[in-house]
Amino acid sequence: MVELHGTISIVSHGHAALIRTLLDDLADQDGIANWLVLVTINIPEAFEGRDGLNLKIIYNDAPKGFGANHNAAAAVAEGTLFLIVNPDIRLTRPDTLERIAQADWHGRPALRAPIVVSPDGGIEDSVRDNLSVPNLMRRVLHKRTGWETNPGSGSFFWLAGMFLIAPLDAFRTMKGFDERFRMYCEDYDLSARWRVNGGRVELLEDITVIHDARRDSHGSWRHLRWHLVSLVRVWGSGSFWKIVGGRYT
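In this report, we go over the structure that sits alongside the text.

Reading the values: the criteria
Residues numbered from 1 in each chain as written. Predicted model: local features only at pLDDT ≥ 70, side-chain atom pairs only at ≥ 80, totals over all residues. Heavy atoms only, no water. Helix = DSSP H or I, 4+ residues; strand = E, 2+ residues; numbered from the N terminus. Rg over C-alpha atoms; globule rule 2.2 N^0.38 Å. Buried < 20%, exposed > 50% of the residue type's maximum accessible area, 1.4 Å probe, protein only. Contact = heavy atoms within 4.5 Å. Areas by Shrake-Rupley, 256 points an atom, 1.4 Å probe, with all protein chains shown as cover. Lys, Arg positive; Asp, Glu negative; His and termini not counted. Charge placed at Lys NZ, Arg CZ, Asp CG, Glu CD. Phe/Tyr/Trp six-rings, centres within 6.5 Å; stacked < 30°, edge-to-face > 60°. Lys NZ or Arg CZ within 6 Å of the ring centre and 35° of its normal. Core = buried A, V, L, I, M, F, W, Y, C linked by side-chain atoms within 4.5 Å. Pairing = 2+ DSSP bridges.

**Considering the overall build of the protein**
Moving on, step 1. The secondary structure content of the protein amounts to eight helices and ten strands.
Moving on, step 2. Here the protein has a C-alpha radius of gyration of 17 Å; the compact-globule value for 249 residues is 18 Å, and the two agree.
Moving on, step 3. When the backbone C-alpha atoms are referred to their principal axes, the protein occupies close to 50 × 40 × 35 Å.
Moving on, step 4. When the 249 residues of the protein are sorted by exposure, 53% land in the buried category.
Moving on, step 5. At a minimum sequence separation of 6, the contacts of the protein that also span at least 24 residues come to 76%.
Moving on, step 6. Accessible surface for the protein amounts to roughly 11900 Å². Of this, 53% is attributable to carbon and sulfur atoms.
Moving on, step 7. Each charge class in the protein was averaged separately, 28 positive and 30 negative side chains, and the resulting centres sit 9 Å apart.

**Remarks on the environment of Leu204**
Moving on, step 1. The residue Leu204 is located in strand 10 (residues 200–211) in this model.
Moving on, step 2. The buried category is assigned to Leu204, whose relative accessible area is 9%.
Moving on, step 3. Sequence separation between Leu204 and Ile115 is 89 residues, and the spatial gap between their C-alpha atoms is 6.7 Å.
Moving on, step 4. Ignoring any residue separated from it by four or fewer positions in sequence, one finds Leu204 in contact with Ile100, Ala103, Arg112, Ala113, Pro114, Ile115 and Ile165.

**Thoughts on the packing of aromatic side chains**
Moving on, step 1. Tallied over the full model, the rule gives seven aromatic pairs.
Moving on, step 2. Consider the rings of Trp158 and Tyr188, whose centres lie 5.5 Å apart with planes at 90°: the pair is edge-to-face. With a gap of 30 residues between them, Trp158 in strand 8 (residues 158–159) and Tyr188 in helix 6 (residues 186–196) connect regions that are remote in the sequence.
Moving on, step 3. Here Trp158 falls in the buried class, since its relative accessible area comes to 3%.
Moving on, step 4. Judged by centre distance (5.6 Å) and plane angle (75°), the ring pair of Phe171 and Phe177 falls under edge-to-face.
Moving on, step 5. Look at Phe171 and you get buried, because its relative accessible area is 2%.
Moving on, step 6. Against the face of Trp105 rests Arg112, its NZ or CZ located 4.4 Å from the ring centre.
Moving on, step 7. Positioned over the ring face of Phe157 is Arg195, at 5.9 Å from the centre of the ring.

**As for the side chain of Gln29**
Moving on, step 1. Mapped onto the elements, Gln29 comes out in the loop between helix 1 (16–27) and strand 2 (35–41).
Moving on, step 2. Assessed through its relative accessible area of 5%, Gln29 is described here as buried.
Moving on, step 3. When sequence neighbours within four positions are dropped, the list of residues in contact with Gln29 reads Leu91, Arg93, Pro94, Asp95, Thr96 and Leu97.

**Description of the nonpolar core**
Moving on, step 1. Among the nonpolar cores identified, the biggest contains 33 residues, and Ile8, Ile10, Leu23, Leu26, Leu83, Ile100 and Phe163 are the most heavily contacted of them.
Moving on, step 2. The set of elements that each furnish at least two residues to this core consists of strand 1 (6–12), helix 1, strand 2, strand 4 (81–85), helix 3 (96–102), strand 6 (110–117), strand 9 (163–167) and strand 10.
Moving on, step 3. A total of six residues in this core trace back to one element, the largest contributor, which is helix 1.
Moving on, step 4. Residue contacts for Ile8: discarding those within four places in its chain leaves Leu26, Trp35, Leu36, Val37, Leu38, Leu83, Val85 and Leu97.
Moving on, step 5. If you look at the next biggest cluster of nonpolar residues, it comprises 26 residues, including Ala113, Phe157, Leu164 and Phe171.

**Let's talk about unusual backbone geometry**
Moving on, step 1. Within the chain, Lys175 stands out as a residue other than glycine whose phi angle is a positive 65°.
Moving on, step 2. Looking at the secondary structure, you find Lys175 in the loop between helix 5 (168–173) and helix 6.
Moving on, step 3. Looking at Lys175, the relative accessible area reads 69%, which means it is exposed.

**Looking at the pairing of strand 6**
Moving on, step 1. Buried residues dominate strand 6, accounting for eight of its eight residues.
Moving on, step 2. Bridge analysis of strand 6 against strand 10 gives eight bridges, and the strand direction is parallel. Across the sheet, residue Ala110 finds its bridge partner in strand 10, namely Arg200.

**Some words on the environment of Ser239**
Moving on, step 1. Mapped onto the elements, Ser239 comes out in helix 8 (residues 238–244).
Moving on, step 2. The sequence separation of Ser239 and Asp189 amounts to 50 residues, and the corresponding C-alpha distance is 7.5 Å.
Moving on, step 3. Dropping the residues within four chain positions of it, Ser239 is found in contact with Ala192, Arg193 and Val196.

Here you go:
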């Protein structure tokens, strides 16, 4: 029996076509037999599997949020690593997964991400500054592209959730995502809790993936409300104030 490097969790919110392309990329990866691929169908849609993968499909009876879906996947995941991958990610090098598996995962638990670029090669905003009001205002007013902060400066940064990698046991110990958060606050909260509990948050700077962003939630009042409620919850959290106070590793 193959010893799995880990599990790749992908969630579809009507993204069957995108996921089919991602599954094609995964099937071309070196050592793909060492990975379990979990695809969660969050809302009803036609979905066909893909030969050449150790693939399991989960059909939800009712829609769940980003955090709840990946937490449910983590509960049945196998192997050492747990990869959270958006449907609109593309893998262009066949050794991407092998290089992730071969990274040093010893020592303090590390929450990591590759370099994320857009289809034209521009750096995506996957490395972000603290979710303070001033930082959010700068983000809205200046429409910055690329990283919001330098991950090598020693200051706090968090990783956006389009592609995250964690040791599965550590993710479970942290109880995964806090499902009370929605709309881009789940990944902030996970990164913040990871840091204040002594873990490392890092980039794998020798690995790059493409994010062909499909921002389906932009312009939705329901999603905006979820985001605002989650922001207020972030600002009331102990992890946020420990970050503000510099009480993190």
